[in-house]
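Observations on the model geometry
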Amino acid sequence: MTTYARRLGLFSGTMAVVGGIIGGGIFRTPATVAERLGTPGLVLLAWVLGGIVALFGAFCWGELGQRRPRAGGGYVYLRETFGPLSAFLYGWTLVLVIATGAIAAVAVTFADYTLALVGLQHRFSTTLAIAAIVFLAAINYVGVRPAAITQNIFTVLKLTALAVLIGAGVFLAVPSPPLAAPSPPSGAITALGAALVPVLFTYGGWQQTNFIAEEIIEPERSLPRALVLGVTIVVTIYILTNLAYLRVLGHAGLAASTAPAADTMRAVLGPIGGKIIAAGIALSTFGFLNLVILVTPRVLQAMAADGVFFRRFAVLHPIYQTPAAAIVALATFAVLLTLTGTFGQLVDYVTFGDWIFFGLTAAALFVYRKRDQSPTPGFRVPAYPATVVIFVLAAAYVVFSSIVSNPRNAVVGAGLIGLGIPAFLYWRSRP
């Protein structure tokens, strides 16, 4: 029987964490955060608090990965703690909507920025997006090593682009206006809570590296280290990036900007700055696209191995040792979503559901710890159980805020997630 090959070291694992978090959000979300908060200090505080929550999440997933270094990550943890239905609904939502919708959306973003960069017409956007999906699916098909090399290259390139942005904003620009801030406005706590929602969404993605745990060398040691190191790198980058935005654009300029990264670079370096950041966004989205195509088929393979999806998806390629059929299926569905243009609304509907499963997966640690009373060597969440409780409460807050801000989307999203129940019953009834 063909099994996964352990070919990814600590560096590749760390780059997967960084690449899974940094997509396109940091290039646009800071404007939304600044719009909701009244002072530069509060803006930076929001990103610090979001980073702490993300680091707590990395701690939780580090222990989960150390306990169960299995392909499928959260799907496996939920199945072993809260039962097969919760795990199936997680996989159903992830594979059929969130991941495929993200692939389509990010591929189109990559295509738009690339076409603008080289001066081609927007009408080629869908074609280039589909070509990117097919190209990266082919790389992932032929092995986890070439997929990881691709990931490492594009993650380093996106970090380089962000380093240029930070260097230009922090070291080259003359601050205008200065960062001196007025006293926080009334209702600052409420505003901070509202701003944390887009911040936490922008920090999301570290959990995807656990999907490829069976392909990491010594995952019990390497996976927790990669998670903590990767999230720490991202938190540092995000805070410095926001500092650069605020230093160049000022609070009012950042809040009013529709493209803060481009505005910052153009203000410091002129038209060439806009080109540099457009290239950076294209690189960032391409790397994120590869990461999602790399990790998500492992969830599909784990579901099929449990008999709750097409059996063919459970089989690994005899030569490449990849879930080849699952990769092809995922890419095909993402291409269909790209062609129909329905991906944006689908992702909006169920994004709040992602944080439901975040909170539930972190809570799985309580079950594992209760079952395993004897202390075992390996990574453990610092300051347990407070760290896990804080993360679960943060996830619940994101879900609550998402429902309150758009109840219609929440109802439709709950319906899409609920459609997984009859699908689960159907697969369970099959011999």
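Source: prediction; values computed, not measured.

What counts and what doesn't
- Residues numbered from 1 in each chain as written.
- Predicted model: local features only at pLDDT ≥ 70, side-chain atom pairs only at ≥ 80, totals over all residues.
- Heavy atoms only, no water.
- Helix = DSSP H or I, 4+ residues; strand = E, 2+ residues; numbered from the N terminus.
- Rg over C-alpha atoms; globule rule 2.2 N^0.38 Å.
- Buried < 20%, exposed > 50% of the residue type's maximum accessible area, 1.4 Å probe, protein only.
- Contact = heavy atoms within 4.5 Å.
- Areas by Shrake-Rupley, 256 points an atom, 1.4 Å probe, with all protein chains shown as cover.
- Lys, Arg positive; Asp, Glu negative; His and termini not counted.
- Charge placed at Lys NZ, Arg CZ, Asp CG, Glu CD.
- Axes fitted to C-alpha atoms, helices over the stretch in contact; angles between N-to-C directions.
- Parallel < 35°, antiparallel > 145°, perpendicular 65-115°, else oblique.
- Nonpolar A, V, L, I, M, F, W, Y, C, P; charged D, E, K, R; others polar.
- Phe/Tyr/Trp six-rings, centres within 6.5 Å; stacked < 30°, edge-to-face > 60°.
- 1 Å grid on protein atoms, 1.4 Å probe; cavity = no way out; pocket = protein on both sides within 12 Å on 5 of 7 lines; lining within 4 Å.
- Points joined across faces, edges and corners; volume = space filled by probe spheres on them.
- Patch = residues over 30% accessible without salt bridge, like charges linked within 9 Å, V, L, I, M, F, W, Y side chains within 5 Å.
- Salt bridge = Lys/Arg side-chain N within 4 Å of Asp/Glu carboxyl O.

Some remarks on the overall build of the protein
Looking only at helices and strands, the protein has 16 helices and zero strands in total. Taken against the 2.2 N^0.38 rule, which gives 22 Å for 431 residues, the C-alpha radius of gyration of the protein at 21 Å falls within 12% of a compact globule. Referenced to the eigenvectors of the C-alpha coordinate spread, the extents of the protein come out at roughly 65 × 50 × 40 Å. Within the protein, the fraction of its 431 residues that count as buried is 57%. Considering only contacts within the protein whose residues lie at least 6 apart along the sequence, 83% involve residues at least 24 apart. Split by element, the accessible area of the protein, about 17,000 Å² in all, is 69% carbon and sulfur. Charged side chains in the protein number 26 positive and 13 negative. The centres of these two groups are separated by 3 Å.

Observations regarding the environment of Leu 300
When you line up the elements, Leu 300 lands in helix α11 (residues 271–305). For the pair Leu 300 and Gly 91, spaced 209 residues apart in sequence, the C-alpha to C-alpha distance is 7.1 Å. Among all residues touching Leu 300, those that are not within four sequence positions of it are Val 95, Phe 309, Phe 313 and Ala 326.

Focus: the packing of helix α6 (residues 125–141) against helix α7 (residues 144–172)
Contact geometry for α6 and α7: axes closest at 6 Å, N-to-C directions at 130°. For the element pair α6 / α7, the angle class is oblique. Residues Leu 136, Ile 139 and Asn 140 of α6 form the contact with α7, whose own contacting residues are Pro 146, Ala 147 and Thr 150. Each residue belonging to the contact of α6 with α7 can be placed in one class, and the counts come to four nonpolar, two polar and no charged.

Some details on the packing of aromatic side chains
The description of an aromatic ring pair uses the distance of the two centres, along with the angle that the planes make with each other. Applying the stated rule across the entire model yields 26 aromatic pairs. On the numbers, 5.7 Å between centres and 85° between planes, the contact of Trp 47 with Tyr 238 is edge-to-face. Of this pair, Trp 47 sits in helix α3 (residues 40–67) while Tyr 238 is found in helix α9 (residues 219–256), placing the two residues 191 residues apart along the sequence. Look at Trp 61 and Phe 358: their rings are 5.9 Å apart centre to centre, the planes differ by 70°, and that puts the pair in the edge-to-face class. Of this pair, Trp 61 sits in helix α3 while Phe 358 sits in helix α13 (residues 343–371), and the two are 297 residues apart along the sequence.

A word on the layout of surface pockets
Of the voids in this model, the second largest pocket is the one considered here, and its volume is about 300 Å³. As for the second largest pocket, its lining consists of 16 residues, of which Met 1, Tyr 4, Glu 214, Gln 301 and Ala 305 are closest to the centre. Where the lining of the second largest pocket is concerned, the elements lending two or more residues are α4 (74–81) and α11. Taken together, the residues that form the lining of the second largest pocket break down as nine nonpolar, three polar and four charged.

As for a nonpolar patch on the surface
A contiguous nonpolar patch, built from Val 164, Phe 171, Leu 172, Leu 269, Ile 272 and Ile 276 and spanning about 560 Å² of accessible area, is present on the exposed surface. Considering every element that reaches the nonpolar patch, the biggest residue donor is α7, with three residues. Along the polypeptide, Ile 272 turns up in helix α11.

Some thoughts on unusual backbone geometry
Along the chain, Tyr 384 connects to Pro 385 via a cis peptide bond; the corresponding omega equals 5°. Tracing the backbone shows Pro 385 in the loop between α13 and α14 (386–405). The backbone phi angle of Gln 321 is positive, close to 55°, even though this residue is not glycine. Within the secondary structure, Gln 321 is located in the loop between α11 and α12 (324–340). Positive phi is not limited to glycine here, since Ala 383 has a value of about 55°. Residue placement: Ala 383 occurs in the loop between α13 and α14.

Notes on the side chain of Ser 12
By the element assignment, Ser 12 lies in helix α1 (residues 10–21). Exposure remark for Ser 12: the relative accessible area of 15% places this residue in the buried category. If we skip the residues at most four places from it in the chain, Ser 12 touches Ala 148 and Asn 152.

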